[in-house]
Amino acid sequence: MQADAIIVGGGPCGLSAAIALEEIGLKPIVIEKGNIVNSIYRYPTHQQFFSSSEKLEIGNVPFVIEQRKPKRNQALSYYREVVKRKKLTVHAFEEVMSVDKREDGLFIVRSKKQNTDEQTYETPFVIIATGYYDHPNYMGVAGEDLDKVFHYFKEAHPFFDRDVAVIGGKNSAVDAALELEKVGARVTVLYRGSEYSGSIKPWILPEFESLVRNGKVKMEFNARVIEIKEKSLVYENNGRLKEIQNDFVFAMTGYHPDHTFLSKMGVGIEKETGRPLFNPETMETNVNGIFISGVIAAGNNANEIFIENGRFHGGLIAKELLNRIKNRD
């Protein structure tokens, strides 16, 4: 199958890139291993965005809601509507397995659908917009592979009347702790930092601090997890080892991009930052014809690029491709 461009990843930044390419007359295909905006779908059911709705808009399609900041379900509805209105070609539940460059400069993209059917695409341009949410940062401690340990938080109800440890001290950890306490879980938050992170949403920190002051959530700063056991958890706090009763663990320790996937294509990765080698004016990597879009451009620093600024990457890519098309003609 031939395509003007293949976009790997159907999140907001991948969809925005598809729209930008459509606007210059190209017909891209978006390949997404889940459904559209799959990362947002995996957010907690109660999740409210930090950004206001207009900063999440793509393709000049208004995102109109009554509140200032949208919730997860509103965002899912909005991006579905964008795909319908813009008539984007999205191959959902299809995973890209490899991207190889031929001697003539074209790329061969091989993918696999859920029913195991394989598909091969030929294209002059590939845009990687895979984000980072599929790859959690592991702590490397004993017991982290137990079934009681989760790196994603969906909802709190199953953990009523359970002893739950939340590892981390940023938004995802605080959000999880608030929801868990609300349903009656006994919550201990373990954070290696010495104070609250400055990135915590300002409208939720006072509520969390109040729970800590009133003894409804136990907060341990300078805490480092040593071992996770079937019925307990061991951590170090200011040089002292402590062991607490524990039924479940939410390790909200962040996520990282898939460096292996990029490296197999020949894309260089900065060792210190995890940032792919690319031109910020065009978003093209060191491999001619391979571009990146969205948070993957930030490398290991996931707090640098969000939907609200990553959505503009597609415009930079489209501008570069339009220039090449004009020069070729």
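Residues numbered from 1 in each chain as written. Predicted model: local features only at pLDDT ≥ 70, side-chain atom pairs only at ≥ 80, totals over all residues. Heavy atoms only, no water.

### Observations regarding the sheet that holds strand 8 (residues 149-150)
With parallel pairing, 5 strands are arranged side by side in an open sheet as 8-15-9-10-11. On the outer flanks of this sheet lie strand 8 and strand 11 (217-220), each paired with one strand and no other. Summarising the sheet, strand 8 and strand 15 (residues 248-251) pair through 2 bridges and their orientation is parallel. Note that in strand 15 the partner of Phe 150 across the bridge is Phe 250. Most of the contacts of helix 4 (residues 171-182) go to strand 9 (residues 163-167), to which it runs at about 165°, and overall it touches strand 9, strand 10 (186-190), strand 11 and strand 15. Packed on one face of the sheet, helix 5 (residues 205-213) meets strand 10 and strand 11 and runs near 95° to strand 11. (Pairing = 2+ DSSP bridges. Helix = DSSP H or I, 4+ residues; strand = E, 2+ residues; numbered from the N terminus. Contact = heavy atoms within 4.5 Å. Axes fitted to C-alpha atoms, helices over the stretch in contact; angles between N-to-C directions.)

### Some remarks on the packing of aromatic side chains
Considering all chains together, one arrives at 18 aromatic pairs under this definition. An angle of 55° between the planes, with centres 5.8 Å apart, marks the rings of Tyr 43 and Phe 49 as tilted. Classification of Tyr 43 by relative accessible area gives partly exposed; the value is 21%. With a relative accessible area of 8%, Phe 49 lands in the buried category. On the numbers, 5.3 Å between centres and 25° between planes, the contact of Tyr 152 with Tyr 255 is stacked. Linking Tyr 152 in the loop between strand 8 and strand 9 with Tyr 255 in the loop between strand 15 and helix 6 (259-264), this pair joins segments that are 103 residues apart in sequence. Aromatic ring contacts, followed pair by pair, group Tyr 43, Phe 49, Tyr 132, Tyr 133, Tyr 152 and Tyr 255 into a single cluster. (Phe/Tyr/Trp six-rings, centres within 6.5 Å; stacked < 30°, edge-to-face > 60°. Buried < 20%, exposed > 50% of the residue type's maximum accessible area, 1.4 Å probe, protein only.)

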